[in-house]
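Summary of the model geometry
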Amino acid sequence: MTFPTRLLRDDLLERLKFDLGRDAQDASLRDWRMAVSLAVRARIVTPWLAARRAAEAAGAKQVYYLSMEFLIGRLLEDAIVNLGLDGEVNAALTELGLDYDRLVEDEPDAALGNGGLGRLAACFMESLATLGCPAYGYGIRYEHGIFRQDFEDGRQVEHPEDWLSEPHAWEFERPGEDIIIGFGGHVREDGARAVWTADEHVVARPFDMPIIGWQGRWANTLRLWGARPTDGFDLSRFNRGDFAAAAENEALARTISRVLYPDDTTEQGKTLRLKQEYFFTAASLRDLLRRFVLRGRDLRSLPQHVAIQMNDTHPAIAGPELVRLLHDEHAMEFDDAIDTARACLAYTNHTLLPEALETWSEGLMAHLLPRHMRLIERIDHRHAMANPARRTSVVDHGHVKMGELSFIMANRVNGVSALHTELMKKTVFSELHGLHPDRIVNQTNGVTPRRWLKSSNPRLSTLISSVIEGDWLVDLDRLAELDPLCDDAGFLTDFAGVKQDNKVDLANWLARDHGFSVDPAAMFDVQIKRIHEYKRQHLNILEAIALWQDMRANPQGNHTPRVKIFGGKAAPGYVLAKEIIELINAVAAVVNADPLVRGRLTIAFLPNYNVSMAERLIPAADLSEQISTAGKEASGTGNMKFALNGAPTIGTLDGANVEIRERVGAENFFLFGMTAEQVVARRALDGHAAAAIAADPRLARALQAIRDGAFSGGDGARFAGVCDNVMGPDYFLVASDFADYWRAQRQADAVFRDTDAWTRMAARNTARSGWFSSDRTIRDYMAQIWQASSVT
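Computed from a prediction, not measured in an experiment: that's the story for all the values here.

Applying the stated criterion across every chain yields a total of 22 aromatic pairs. Ring plane angle 65° and centroid distance 6.4 Å describe the contact between Tyr 65 and Phe 70, whose orientation is recorded as edge-to-face. Its relative accessible area of 1% is what places Tyr 65 among the buried residues. Judged by centre distance (5.8 Å) and plane angle (20°), the ring pair of Phe 670 and Trp 758 falls under stacked. A residue pair is termed long-range when its members are at least 10 positions apart, and Phe 670 in strand E23 (residues 670–671) and Trp 758 in helix H32 (residues 755–767) qualify at 88 residues. Each member of the pair Phe 670 and Trp 758 is classed as buried. An aromatic cluster is defined as three or more aromatic residues linked by ring pairs; in this entry it consists of Tyr 65, Phe 70, Phe 124, Tyr 781 and Trp 786. Sitting above the plane of the Phe 172 ring, Arg 41 keeps its charged end 4.1 Å from the centroid. The ring of Trp 742 has Arg 746 sitting right over it, with the charged end atom 4.3 Å from the ring centre.

Structural data, given as structure tokens:
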């Protein structure tokens, strides 16, 4: 899709004048960015509407992807690149005296997610559009997202995200398609049917975003729901002087779509979380059924036309809600409603942590969703009657288990890496797998190369295009054509030059925006992900302390200079995770001020990690930290992005690390740590942490330094939570894996000092990572779970 530069330039001036009420002399960077966004959006609308018509004309099966998160990041450059307009937009902006990079970086990240689950959903939406598979994404239009992270004295402080403080150029509000959602109330039996009368109602208002695929051939819809009151401003209260109460209904309703993952350590927080999950799931199901019925189709044929994917347990209420809609509102027999719903629904599991598989108290479920509580009991009873030997139940000891409900109501349950899928069969769903041995399938995650290679690493993309002919971005397996070049001195020089230039860019940004002065020649060692004990950021910082101590004790030692970069947010109520953040920042303050290690070790924890920051860090990374306890990470997608961009992994045999190592080659991966089976055995040993610490003087010294207050002004109690955890229960086996982690890090040091060997290893990671494209993942979902086809 190309447009003459002059036409595009004139269009930008028209948008600036007629859509934004500005002329070029008075326009701010934001005004120009909005004008470009509107101009690019206009070029998306035509293929977007055409795709809808084509899907309807073909009678194509529609995929509906339900997710609490869609971590889409900035959309402007994504759209420009996928439309093939990067050259034209750059030229038009240059004529207007504007800088392309500054303009696209002015766009705020859409605060619609927190981690891998949301980024995966965003990659999937882009791949669905690229492959021409008709699909809707459904989620919540969070006004403030997760939170904006800042540090005060090293401590995480949460502030509301303000990404919607300005108009969002990419959305279309649809007030004519509002849906009323109810909560609470009572249920009245009416013969074979039940009538649920809710006593609280909110309006679900849809906001549509077109998601354009590669080269603009197809576009799908991301529909996000915002909560509104059914009765808005109370003028009578206002006129009586009760100004706050006059707006109370609006404030309470909008609470549902204000914040992603509100703190659920309180009963009010739990209630809000369940309300959010039902709100977007119910609105989405009613929306897709409304569209289906309007086409005059028989609801019994729903599974032939509709595939609904539940991304984790957050939309698990979809099972009973779809049964309710079919049975209560459309008069389908109860057993038929269950069978029809199951034939439509599939469930992606993202965790092996039992505590992360959501449960709700029966009391809360019965109070907030009384009809659904009864339906869940009937669904559970029906499953028990069909499987009389089962011990697992959905309703158990006063709790509703959403993982089990998702499994029972899905026709397919998928893991997100080969290891995760096998462990899922043996652990969290072992009995259900025995009852339904064909239900669990594997779909290893993937990432979109358009965002995570072409957009975020244009230098590497250009180098690849210079040696691979044709459109390798939609056939990423073709990266294997680079493999023979990994022994070619000229190609390796060019590859190393790309990485070095990216590192210089990152070093300049770190200095300008964060006040860190780093040497681009040092190893850039990066761990960016949600802060959690199982992801083991505390293992990383303990190794950094031990390295600092070693450098001080051996100032003439052959130490490889390192810049250790951290990024990630801790849940507001997760005390230990927040203490880990504080510890990393405290260690960084001491190490970075130490003249004995200056130029050899720098530690940086960058605040408010998001997609845009990842796009800076990943292309410049030398070493990818994927160090979770084996058996705990479902898959990971950051590991794939790093490998694709030529950063070898230091990691455990966990999640998709296993498959990355198999594909890039064991010799191009720094492996350490216990296997999942060894983890279980080690955890069963009394005193395993104390034994590991006693056997490793380096770890003992690092922990002692923390306890002596070396990083807290002499306050030995400041980080007692981290130390007591590692020295005590150490459920995630930081102490037991520390010695092997140290060994693997020194192995990485040695290879990094051999520039040719490191570059060859990095290049082979890129050459052998083509399988980790989300296009491959989506093709497998289409064939093995959804039975859906491309229309293009």
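What follows is about the packing of helix H29 (residues 697–707) against helix H30 (residues 720–727). Any two packed helices are characterised by the angle at which their axes cross and by the distance between the axes. Packing of H29 against H30 brings their axes to within 9 Å, and their N-to-C directions diverge by 150°. If you check the angle between H29 and H30, you find them roughly antiparallel. In the crossing of H29 with H30, the sense of the turn from one axis to the other is left-handed. Residue-level inspection shows Leu 703, Ile 706 and Arg 707 of H29 in contact with H30, the latter providing Cys 723, Asp 724, Val 726 and Met 727. Classifying every residue of the contact of H29 with H30 by side-chain character gives 5 nonpolar, no polar and 2 charged.

Let us look at the side chain of Asp 622. Within the secondary structure layout, Asp 622 lies in the loop between helix H24 (611–620) and strand E21 (623–626). Here the side chain of Asp 622 touches Lys 503 through a polar contact of 2.6 Å, side chain to side chain. A distance of 2.8 Å separates a polar atom in the side chain of Asp 622 from the backbone nitrogen of Phe 524. When neighbours within four sequence positions are excluded, Asp 622 is seen to be in contact with Lys 499, Lys 503, Ala 522, Met 523, Phe 524, Ala 647, Pro 648, Phe 752 and Trp 758.

Below, the discussion takes up helix H2 (residues 29–58). For H2, with 30 residues, the first-to-last C-alpha span of 43 Å sits near the 44 Å given by 1.5 Å per residue. At Ile 44, H2 shows its largest kink, close to 25°, and the proline Pro 47 lies no more than four residues downstream. Of the residues flanking the end of H2, it is Gly 59, one or two places downstream, whose phi is positive at about 60°.

Attention now goes to the environment of Pro 458. Following the sequence through the fold, Pro 458 ends up in helix H20 (residues 458–467). Between the alpha carbons of Pro 458 and Pro 619 there is a distance of 9.3 Å; along the sequence they are 161 residues apart.

Despite not being glycine, Gln 215 has its phi angle at roughly 65°, a positive value. Positionally, Gln 215 belongs in the loop between strand E9 (200–212) and strand E10 (219–229). Of note, the phi angle at Gln 787 is positive, near 50°, even though the residue is not glycine. Within the secondary structure, Gln 787 sits in the segment after helix H33 (774–786). The class for Gln 787 is partly exposed, based on a relative accessible area of 49%.

Okay, the environment of Gly 709 next. Take Gly 709: it is sitting in the loop between H29 and H30. By relative accessible area, Gly 709 is classed as buried at 6%. It is 8.5 Å that separates the C-alpha atoms of Gly 709 and Phe 719, two residues lying 10 residues apart in sequence. The residues touching Gly 709, leaving out its near neighbours within four places in the chain, are Gly 714, Asp 715 and Gly 716.

The subject of this paragraph is the sheet that holds strand E13 (residues 359–361). Judged by pairing direction, the sheet is antiparallel, and its 3 strands sit side by side in the order E13-E15-E14 without closing on themselves. The two strands at the open ends of the sheet, each matched to only one other strand, are E13 and strand E14 (395–396). As judged from the 2 bridges shared by E14 and strand E15 (residues 399–401), these two strands associate in the antiparallel manner. Looking at the pairing, Val 395 lines up with Val 400 of E15.

Now for the environment of Val 187. One can find Val 187 in strand E7 (residues 186–190). Separated by 10 residues in sequence, Val 187 and Thr 197 have C-alpha atoms that sit 6.2 Å apart. Every residue in contact with Val 187, bar those within four places of it in the chain, is listed here: Ala 194, Val 195, Trp 196, Pro 370, Arg 371 and Arg 374.

Definitions and cut-offs
Residues numbered from 1 in each chain as written. Predicted model: local features only at pLDDT ≥ 70, side-chain atom pairs only at ≥ 80, totals over all residues. Heavy atoms only, no water. Phe/Tyr/Trp six-rings, centres within 6.5 Å; stacked < 30°, edge-to-face > 60°. Buried < 20%, exposed > 50% of the residue type's maximum accessible area, 1.4 Å probe, protein only. Helix = DSSP H or I, 4+ residues; strand = E, 2+ residues; numbered from the N terminus. Lys NZ or Arg CZ within 6 Å of the ring centre and 35° of its normal. Axes fitted to C-alpha atoms, helices over the stretch in contact; angles between N-to-C directions. Parallel < 35°, antiparallel > 145°, perpendicular 65-115°, else oblique. Left-handed = near helix turned anticlockwise from the far one by under 90°. Contact = heavy atoms within 4.5 Å. Nonpolar A, V, L, I, M, F, W, Y, C, P; charged D, E, K, R; others polar. Polar contact = N/O pair within 3.5 Å; in protein donor to acceptor, adjacent residues only side chain to side chain. Expected span 1.5 Å × (residues − 1). Bend = angle between axes of the 7 residues up to and from the residue. Pairing = 2+ DSSP bridges.

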